[in-house]
Amino acid sequence: MRALVISGGGSKGAFAGGVAQYLMEGQGREYDMFLGTSTGSLLVNHLALGDIGKLYNIFTNVQQHDIFSVSPFVQRKKGDREYVSIDFVNSLWQFMRRKRTFGESKALKRHIKRNFTKAEFDSIRKTKEDVVVTVSNLSMNRVEYKSIKDHTYEEFCNWIWISCNYIPFMSLATVNGYEYADGGLGCVIPIREAILRGATEIDAIVLEAEQMERTKILGKNPFSLMLNLFGHLLDQVEKNDIVIGKLAAKNRGVKLNLYYTPTSLTENSLIFSKRLMTKWWEQGYSYAKVKHDSESVL
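The following paragraphs examine the structure supplied in this document. Note that this is a predicted model, so its numbers are computed, not measured. Counting from 1, residues in each chain are numbered in the order their sequence is written. Selection of residues for local features in this predicted model requires a pLDDT of at least 70, selection of side-chain atom pairs for listing and counting requires 80 or more, and totals for whole chains, interfaces and linings are taken over all residues. Computation of side-chain values covers all heavy atoms of the structure but excludes hydrogens and water.

1. Quick notes on the overall build of the protein chain
In step 1: Going along the chain from the N terminus, every DSSP run of H or I of four or more residues is numbered as a helix, and every run of E of two or more is numbered as a strand. In terms of regular secondary structure, the protein chain is built from 11 helices and 10 strands.
In step 2: Computation of the radius of gyration draws on C-alpha atoms alone. For the globule rule, the value is 2.2 Å times the number of residues to the power 0.38. By the compact-globule yardstick of 19 Å for 298 residues, the protein chain fits well, its C-alpha radius of gyration being 18 Å.
In step 3: Categorising residues by exposure relies on relative accessible area from a 1.4 Å probe, with only protein chains included: less than 20% of the type maximum marks a residue as buried, more than 50% marks it as exposed, and the intermediate range marks it as partly exposed. The proportion of buried residues among the 298 residues of the protein chain is 53%.
In step 4: Residue-level accessible areas treat just the shown protein chains as cover; the underlying method is Shrake-Rupley with a 1.4 Å probe. Total accessible area on the protein chain is roughly 14,100 Å²; 52% of this is exposed by carbon and sulfur atoms.

2. Some details on helix α1 (residues 13–26)
In step 1: Multiply 1.5 Å by the residue count of a helix minus one, and that product is the helix's expected span. In this model, α1 (14 residues) spans 19 Å end to end at C-alpha, consistent with the 20 Å of a helix rising 1.5 Å per residue.
In step 2: Across the 14 residues of α1, 12 count as buried, placing the element largely inside the fold.
In step 3: Listed in full, the buried residues belonging to α1 are Gly13, Ala14, Phe15, Ala16, Gly17, Gly18, Val19, Ala20, Gln21, Tyr22, Leu23 and Met24.
In step 4: The first or second residue beyond α1 is glycine 28, which carries a positive phi of 65°.

3. Considering the nonpolar core
In step 1: Here, nonpolar core refers to any group of buried Ala, Val, Leu, Ile, Met, Phe, Trp, Tyr and Cys residues whose side-chain atoms link them within 4.5 Å. Of all hydrophobic cores here, the largest spans 60 residues; its most connected members are Leu47 and Ile205.
In step 2: The leading source of residues in this core is α1, at eight residues.
In step 3: Residue contacts are defined here by distance: any two heavy atoms, one from each residue, within 4.5 Å place the two residues in contact. Every residue in contact with isoleucine 205, bar those within four places of it in the chain, is listed here: Leu4, Val5, Ile6, Ser7, Ala16, Val19, Ala20, Ile189 and Tyr259.
In step 4: Membership of the second largest hydrophobic core comes to 19 residues, among which are Ile202, Val206, Ile242 and Leu258.

4. Focus: the packing of helix α2 (residues 39–49) against helix α3 (residues 52–61)
The description of two packed helices rests on the angle between their axes and on the distance between the axes.
In step 1: To get an axis, fit a line to the C-alpha atoms, keeping to the stretch in contact for a helix; angles then go from 0 to 180 degrees between the N-to-C directions. Running from N to C, α2 and α3 point in directions that differ by 150°, and their axes come no closer than 9 Å. Regarding the angle of α2 to α3, the classification is roughly antiparallel. Where α2 abuts α3, its residues Thr39, Leu42, Leu43, His46 and Leu47 lie against Ile52, Lys54, Leu55, Ile58 and Phe59.
In step 2: Residue type decides the class: Asp, Glu, Lys and Arg count as charged, Ala, Val, Leu, Ile, Met, Phe, Trp, Tyr, Cys and Pro as nonpolar, and the leftover types, Gly among them, as polar. Of the residues in the contact of α2 with α3, the class split is seven nonpolar, two polar and one charged. In these notes the angle categories are as follows: under 35 degrees is roughly parallel, over 145 is roughly antiparallel, 65 to 115 is roughly perpendicular, and the rest is oblique.

5. Comments concerning unusual backbone geometry
In step 1: Omega for the bond connecting isoleucine 167 with proline 168 falls within 30 degrees of zero, at 10°, which places this linkage in the cis form.
In step 2: Looking at where proline 168 falls in the secondary structure, it is placed in the loop between α8 (153–163) and β7 (173–175).
In step 3: Even without a glycine there, the phi angle at serine 38 is positive, about 55°.
In step 4: In this fold, serine 38 is placed in the loop between β2 (33–37) and α2.
In step 5: The backbone of asparagine 176 sits at a positive phi, close to 55°, despite the residue not being glycine.
In step 6: Along the polypeptide, asparagine 176 turns up in the loop between β7 and β8 (178–182).
In step 7: The exposure class of asparagine 176 is exposed, given its relative accessible area of 75%.

Structure, rendered in structure tokens:
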């Protein structure tokens with residue numbers, strides 16, 4: 001059974017889309033099972049449908065207002081450079097409303113349902129072995145994996161949304177009395193879960209460079225420093241997930257193919273730029289092609 005696994009990574013998911021497009025169209029690979037965390041959970045449903053054209057249009061055209069109902073960031077442009085600063089007004093407003101997060105992502109929930117229909121949900125359930133998204137149950141301090149086979153359309157759309165909620169910058173969700181957030185807080189790339197569910201060959205797309213080639217510039221205020229800190233912690237979780245995945249694959253004789261980003265794409269993956277995401281999608285496609293061609297020569 002072949003599985004496609006995609007890590008978390010916010011706007012860097014566009015790179016994963018390009019890699020997946022090459023694997024599915026350029027190499028003709030067909031997958032029985034799809035697993036994703038955070039931005040990966042947004043990608044896997046459309047990839048399971050095989051509708052890459054629709055996915056490309058959705059992903060490269062997404063804007064801040066499609067994600068945030070209350071954004072903690074302000075996006076600015078200086079020449080050709082795009083950068084972000086903290087929206088202190090919105091953050092202060094959240095504190096005044098006694099909210100526990102700096103921003104709200106209810107717009108994303110609406111965006112998911114607009115672009116992933118009940119008919120598409122039913123089609124996946126009939127034609128694919130499984131589609132699984134990762135969430136973090138903060139109340140029980142555990143990672144949970146939500147299968148499309150176990151939930152209704154409304155429930156599964158909610159789990160996709162929850163998988164993407166990178167707190168404290170996005171919404172904190174409550175389901176059945178438990179509080180949930182981004183799956184990446186516990187498992188950035190669910191390789192081991194794919195193996196436990198019966199995968200015998202896995203293509204895993206990791207939305208981070210295998211080796212960090214430059215020094216990170218830390219934030220100039222407590223808010224942006226917090227963003228850097230969270231990024232550092234998730235990098236460590238991701239590395240741990242990959243090590244565990246490699247060991248599980250070796251022990252069970254599973255073929256594991258890893259696809260990393262060739263460089264560090266961005267310092268803030270919660271900013272969505274059409275120009276950058278179109279570029280990253282093309283880079284992902286080219287990277288996968290070059291990687292496959294070089295391996296074929298060897």
